[in-house]
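Chain by chain, the residues run as shown.
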Amino acid sequence: MSPLQSKSIVEDFKFSHDVDLKLAGHSSARAEIASNTGTIETSDDHSHASPVKAVDIDIRSEFERASMRVVYRHLTYEVKGGKPWWKKVATFDWKKSTTKRILDDVSIRAPAKGMTAILGPSGSGKSTLLEVMSFRRNGYQHGGKCYVNEQEVQPYQMAVLGALVEQDDDHFGVLTVRETIAFAMKLAGRYEVSQLDRIIEEMGLSSCQNVRIGNAIQKGISGGQKRRLTVATALVTSPKILFLDEPTSGLDSFTSKRVIACIRDYAYKHDIAVFASLHQPSVALWEHFEEIAVLDKGRLVFLGTMIDAENFCRDNMLLRKYDNPADKLIEMVSGIIPIVNNKAPAVAMREHYELSLLGKEMETVRYGSATLHTGDLVKRRGISHQFNVIAVLFDRLLTNYSRNLLAFGIRMGMFLGMGAMLALIWINLARVDDRINDRLSIHFFSVAFLSFMSVAGIPSFIEERSVYVRERRNGLYGPLPFLLANTFVLIPFVFGCALIFSIIIYWSIGLHPGAGHFFRFLSFLFLALLVAETQSSLIAAIVPIFVAALALTAFVNGFWMCVQGFFIRGRSLPRFWYYSFHFMDYQTYAFEILAKNDLVGVVFKCRNFFPGSTTDCNCVYPASQETIDMYGKCAVTGQDVIDYLGFGGISVTGYAFILLGIFVLYRFFLYIALRYTGKL
Ligand SMILES: Nc1ncnc2c1ncn2[C@@H]1O[C@H](COP(=O)(O)OP(=O)(O)OP(=O)(O)O)[C@@H](O)[C@H]1O
């Protein structure tokens, strides 16, 4: 920012400060303003943002000195409206997309101390406002600016200053409350036992700190405790502005009051500005807030103290004994109260607000419609911090897997059960030609069915992903550390599953003897399962809804089974499928190499002699001249079978590279999906 721009902003703010000082009764603030101006270097060009670390330090030291003054000016948010492309194609409607305005010129501020409640009916834009205020929303168009202590805040600075707590309480169910907060602190690079104890105590979580959060199969902490835990995990970065989206949703009035009281006490003590959207606050909640903002269809119609709001209701004879002013405000903007002071209620409220001191201050100072860009909120930190994040994520995932019976125990058990079933049913497979198909079916089963079983990993991946989405939105880490940690946990887990299965079946069925052949079987099964797991995760990352991801993964795996060359020989497939998907299918390669590993080098006796002959056989697979010359007409070699099936031309190393390549490609797609999906 140029010195000139900086000066103009300071001058623009002089008026607002004079008013604020009168309101808040601060005598020393003017000196603070003068000393604060110009200390933070900001850049209008966000792509050339100054190093975050230096700014972090400046910003924090600024805010530690004085009570923060947070002001948002003229926030506007629009999204592309109209039909999605596929509906346009279906209806031959080629009209240009329109834009839909969701927030319309909203100016809002935080009081010098205390919390601001954002009220409005469903769909009025409360969540959007919080997301835009916290710079967590990408949209077609933003307009407006945020100032903290009179200095314009850039997106990367908001990543340091603000924390958004969304409606969902996404945590690992098997971790305790204490572990969850401790891991969050470690991810933020701010782990200190004293700090951890303080957050636990101040958020009222001491009594349940060693209790597991709970999941579908294990009851854990209560809903109110879970909400406070979610807030606590957002506090680990020591934010100076807290955005709470419906912090009381789904809670009874007593629990809601406890949650809000806890947050208010914490915010007071640590000088945090809090904006909280609320659906319908009870009278008990009302008293915990300092100011209230009311939204109507994306427009701010009221901003003021609770007393002002109550007086407005009283002046218009809307409050009877025991009535809750919050209910009346929502009834006015919802149309339940049709007319106030001979006007539409929203108009009457807005007029009342514009005539107030605060209204004049907020609405009269105008700026050009600058555009806010949401930057990458993941703080750019040093490489050692990134390694530390990967190690913490790995540690947390490992703890999750080791305790999570659903994610880990049952799945391992499944491989054990499948292995035992195969070993008992295919036991001691004879080396005769009419058992060659049974032998091939082992390899098909190992690759295709075990790959299919990767769907069982979808619920735990969806859980991991929702925690990742929340933490990423609060700038703790990005997709790469998450992907790497996930990969490092996946590899030993999948290897363990493949090992259990291979040990159980290999010798009991009587696959190709020799340690080399066993390890080759194990290695390629392991590679195929890694690809299958990644494929399931990829689908779940794109469609993070369990039932939908399950159905899609089942379909994709079913499709790969059809074109892999077991049910129909590869070269017998219709040309289109053969030259396209057959060669894209990881199962094709895994099945081929397992079959080759088992069959090549083995001679199978043919059992069906031609009628009347004792030397000439009707073998299931045709033998080559070389085989006939060596073993007579009643034998077929594994190589003959492989040649007949058309599995050839690729070396063992070649198969390894292909499968590894598919694995890396799928992981890359997973990275892309993690990067570009999830609300940002
Ligand atoms: N990305 C988007 N694309 C299209 N419409 C959107 C988008 N985001 C929000 N909206 C619309 O904007 C309006 C405000 O949504 P928002 O979720 O902010 O409301 P809300 O007041 O928080 O509602 P609730 O209390 O039910 O959570 C809704 O009509 C919603 O459908």
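The rules behind the values
- Residues numbered from 1 in each chain as written.
- Predicted model: local features only at pLDDT ≥ 70, side-chain atom pairs only at ≥ 80, totals over all residues.
- Heavy atoms only, no water.
- Near = heavy atom within 4 Å.
- Polar contact = N/O pair within 3.5 Å; in protein donor to acceptor, adjacent residues only side chain to side chain.
- Areas by Shrake-Rupley, 256 points an atom, 1.4 Å probe, with all protein chains shown as cover.
- Helix = DSSP H or I, 4+ residues; strand = E, 2+ residues; numbered from the N terminus.
- Nonpolar A, V, L, I, M, F, W, Y, C, P; charged D, E, K, R; others polar.
- Buried < 20%, exposed > 50% of the residue type's maximum accessible area, 1.4 Å probe, protein only.
- Pairing = 2+ DSSP bridges.
- Phe/Tyr/Trp six-rings, centres within 6.5 Å; stacked < 30°, edge-to-face > 60°.
- Lys NZ or Arg CZ within 6 Å of the ring centre and 35° of its normal.
- UniProt positions renumbered as here; feature names shortened; annotations may be inferred.
- Disulfide = S-S within 2.5 Å.

S.K.: Which residues make up the site of the ligand, and what are the values?
M.R.: In the vicinity of the ligand, 15 residues are found, and the nearest of them are Ser122, Gly123, Lys126, Ser127 and Thr128. Gly123 places a polar main-chain atom, nitrogen or oxygen, 2.9 Å from an oxygen atom of the ligand. Note that an oxygen atom of the ligand is positioned 2.5 Å from one of the side-chain N or O atoms of Thr128. For the ligand, the accessible surface in isolation is 630 Å², of which the surrounding protein chains cover 64%. Looking at the shell around the ligand, the elements with two or more residues in it are strand S2 (99-109) and helix H5 (126-133). With three residues, the top contributor of residues to the shell around the ligand is H5. Residues belonging to the shell around the ligand are distributed by class as follows: three nonpolar, eight polar and four charged.

S.K.: I'd like a description of the pairing of strand S6 (residues 162-165), backed by residues and values.
M.R.: Regular strands place their side chains on alternate faces of the sheet. Both faces of S6 are covered, namely the face carrying Gly162 and Leu164 and the face carrying Ala163 and Val165. Sheet topology note: the S6/strand S7 (residues 241-245) ladder contains four bridges and is parallel. Following the sheet pairing, Ala163 is matched in S7 by Leu242.

S.K.: Please give an account of the packing of aromatic side chains that cites residues and values.
M.R.: One pass over the full model with this rule turns up 31 aromatic pairs. Taking the centre distance of 5.0 Å and the plane angle of 75 degrees together, the rings of Tyr578 and Tyr579 count as edge-to-face. It is Lys186 that lies over the ring of Tyr191; its NZ or CZ is 5.0 Å from the centre. The ring of Tyr644 has Arg571 lying over it, and the distance from NZ or CZ to the ring centre is 5.9 Å.

S.K.: Hey, could you go over the UniProt feature "transmembrane region" (unreviewed entry) in the protein for me, with residue numbers and the actual values?
M.R.: When the UniProt feature table is mapped to this numbering, "transmembrane region" (unreviewed entry) covers residues 405-429, 441-462, 483-509, 515-532, 539-568 and 654-674. From the first C-alpha to the last, residues 515-532 spans 26 Å; its make-up is 100% helix and 0% strand. Within the segment residues 654-674, helix and strand shares are 100% and 0% respectively, and the terminal C-alpha atoms sit 30 Å apart.

S.K.: Summarise the state of the cysteines; cite the residues concerned and give the values.
M.R.: What the rule picks out here adds up to two disulfides. The disulfide bridge from Cys606 ends at Cys619, spanning 1.9 Å between sulfur atoms. Judged by the sign of its S-S torsion, about 110 degrees, the cystine formed by Cys606 and Cys619 is right-handed. Of this pair, Cys606 sits in the loop between strand S11 (603-605) and helix H26 (625-631) while Cys619 sits in the loop between S11 and H26, and the two are 13 residues apart along the sequence. For Cys619, a relative accessible area of 16% corresponds to the buried category. A sulfur-sulfur distance of 1.7 Å marks the disulfide that ties Cys617 to Cys634. Measuring handedness by torsion sign, the sulfur bridge of Cys617 and Cys634 sits at about 90 degrees and is right-handed.

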